[in-house]
Every structure is written in C-alpha cells, then in structure tokens.
Amino acid sequence: MADENQELRKAGLKVTLPRIKILQVLERHSEDHLSAEDVYKALIETGEDVGLATVYRVLTQFEAAGLVDKHNFDGGHAVFELSAEDHHDHMVNVDTGEVIEFFDSAIERRQHQLAEEHGLELVDHALVLYVRKKR
C-alpha cells in the first residue's frame, strides 16, 4: 500500500482509501483495459464498499493526474489502463472486444515521415486498428 500512497502523492492527489483500492485493481489488471464497471465489479468481488459513481470520479481524477490513459474505442465504452512510459498502439477485435497492444518501429517512423512531408512535427498520436479473426 505504501507504493500506491507514493504514486498518489506524486500525482498530486490526496491519499484516500477508495483511490488506493482503485489503483490496486488497476495494478492487478495491468495487462488489461478496464471499464469503470469492470473496476467496480473487481472491488465488489473483493468486498470493498466503493460506489460506481466514486469509481468514475476517481478514474477521471487519475486521468487528469496522468496515472491512467482513457481510450474510447469505436462501438465500445471508455476503458482505462495505467499510463505507460513506453508508447504503444492498439488493435481491437470487433467481434470479441479484446484489446491487443503492439509497437511497430516502422509504423512509428512512417508517421513521423508523413508529418515531416507536410511540414509538420508529430507531437502525439493514437493508432487503433480494428480487426477480426480471418474466416
């Protein structure tokens, strides 16, 4: 719990039990992209008494503080993941909703080249590929 306290303080947030518990859920599911409802269900399963409105509010605070990244993939609801230092892109399976993270240096280089060709500098981007299993 000391690690969570430090993370919250470093992000400029007051340490509260709901924030600690929500951060712990996100850390336990660090490979996943969780909706607010997923976080809420995980808290309920462990016997925590944190309301859904509190989960939404805390996730919004975490996003503003840079602790989590929020994604609004087409056709789905918002999902959250802990902010990573390393950039990655996403593939979303349109049939199952599964989110797959990937990094491709050739794609990254090409995006910078495209911006440069237009006299621009790439400062940020989000690439989402919508996929399905081949039939």
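Located above this text is the structure these notes cover.
Residues numbered from 1 in each chain as written. Predicted model: local features only at pLDDT ≥ 70, side-chain atom pairs only at ≥ 80, totals over all residues. Heavy atoms only, no water.

Visitor: For the overall build of the chain, give the residues involved together with the corresponding values.
Guide: On a plain count of helices and strands, the chain comes out with five helices and five strands. In sequence order, the chain lays out its α and β elements as α-α-α-α-β-β-β-β-α-β. With respect to the three principal axes, the spread of C-alpha positions in the chain is 50 × 40 × 20 Å. In the chain, which comprises 135 residues, the proportion classed as buried is 32%. In the chain, the share of contacts with a sequence separation of at least 24, taken over all contacts with a separation of at least 6, comes to 42%. (Helix = DSSP H or I, 4+ residues; strand = E, 2+ residues; numbered from the N terminus. Buried < 20%, exposed > 50% of the residue type's maximum accessible area, 1.4 Å probe, protein only. Contact = heavy atoms within 4.5 Å.)

Visitor: Explain helix α2 (residues 17–28) residue by residue, including any values.
Guide: Along its twelve residues, α2 runs 16 Å from first to last C-alpha, staying within 8% of the 16 Å computed at 1.5 Å per residue. Residues Arg19, Ile20, Lys21, Ile22, Leu23, Gln24, Val25 and Leu26 constitute the buried set of α2. (Expected span 1.5 Å × (residues − 1).)

Visitor: Which residues make up the sheet that holds strand β4 (residues 99–102), and what values do they have?
Guide: Ordered in space as β4-β3-β5, the three strands form an open sheet in which the pairing is mixed. Whereas interior strands pair on both sides, the edge strands pair on one side only; in this sheet they are β4 and β5 (128–131). Going across the sheet, the axis of each strand differs from the next one's by a mean of 25 degrees, ignoring polarity. Bridge count between strand β3 (residues 89–93) and β5: four bridges; the pairing is parallel. Each bridged residue has a counterpart across the sheet, and for valine 92 the counterpart in β5 is tyrosine 130. (Pairing = 2+ DSSP bridges. Axes fitted to C-alpha atoms, helices over the stretch in contact; angles between N-to-C directions.)

Visitor: Now, about the pattern of salt bridges: what can you tell me, with residues and values included?
Guide: Following the criterion strictly, the structure yields four salt bridges and no others. In this structure, lysine 21 engages glutamate 48 in a salt bridge whose closest nitrogen and oxygen atoms are separated by 3.5 Å. Linking lysine 21 in helix α2 with glutamate 48 in the loop between α3 (36–45) and α4 (52–65), this pair joins segments that are 27 residues apart in sequence. Classification of lysine 21 by relative accessible area gives buried; the value is 18%. Aspartate 95 serves as the salt-bridge partner of arginine 135, at 3.4 Å between the closest nitrogen and oxygen. In this pair, arginine 135 sits in the segment after β5 while aspartate 95 sits in the loop between β3 and β4, placing the two residues 40 residues apart along the sequence. In this structure, a network of salt bridges that share partners links the residues Asp95, Arg132 and Arg135. (Salt bridge = Lys/Arg side-chain N within 4 Å of Asp/Glu carboxyl O.)

Visitor: Please give an account of the packing of α3 against α4 that cites residues and values.
Guide: For any two helices packed against each other, one specifies the inter-axial angle together with the distance between the axes. Where α3 meets α4, the closest approach of the two axes is 9 Å, and the angle between their N-to-C directions is 125 degrees. Between α3 and α4, the angle is such that the two are oblique. With respect to the hand of their crossing, α3 and α4 are arranged in right-handed fashion. Only Leu52, Val55, Tyr56 and Leu59 of α4 make contact with α3, whose side of the interface consists of Ala36, Glu37, Val39, Tyr40 and Leu43. Residues of the contact of α3 with α4, tallied by class, amount to eight nonpolar, no polar and one charged. (Parallel < 35°, antiparallel > 145°, perpendicular 65-115°, else oblique. Left-handed = near helix turned anticlockwise from the far one by under 90°. Nonpolar A, V, L, I, M, F, W, Y, C, P; charged D, E, K, R; others polar.)

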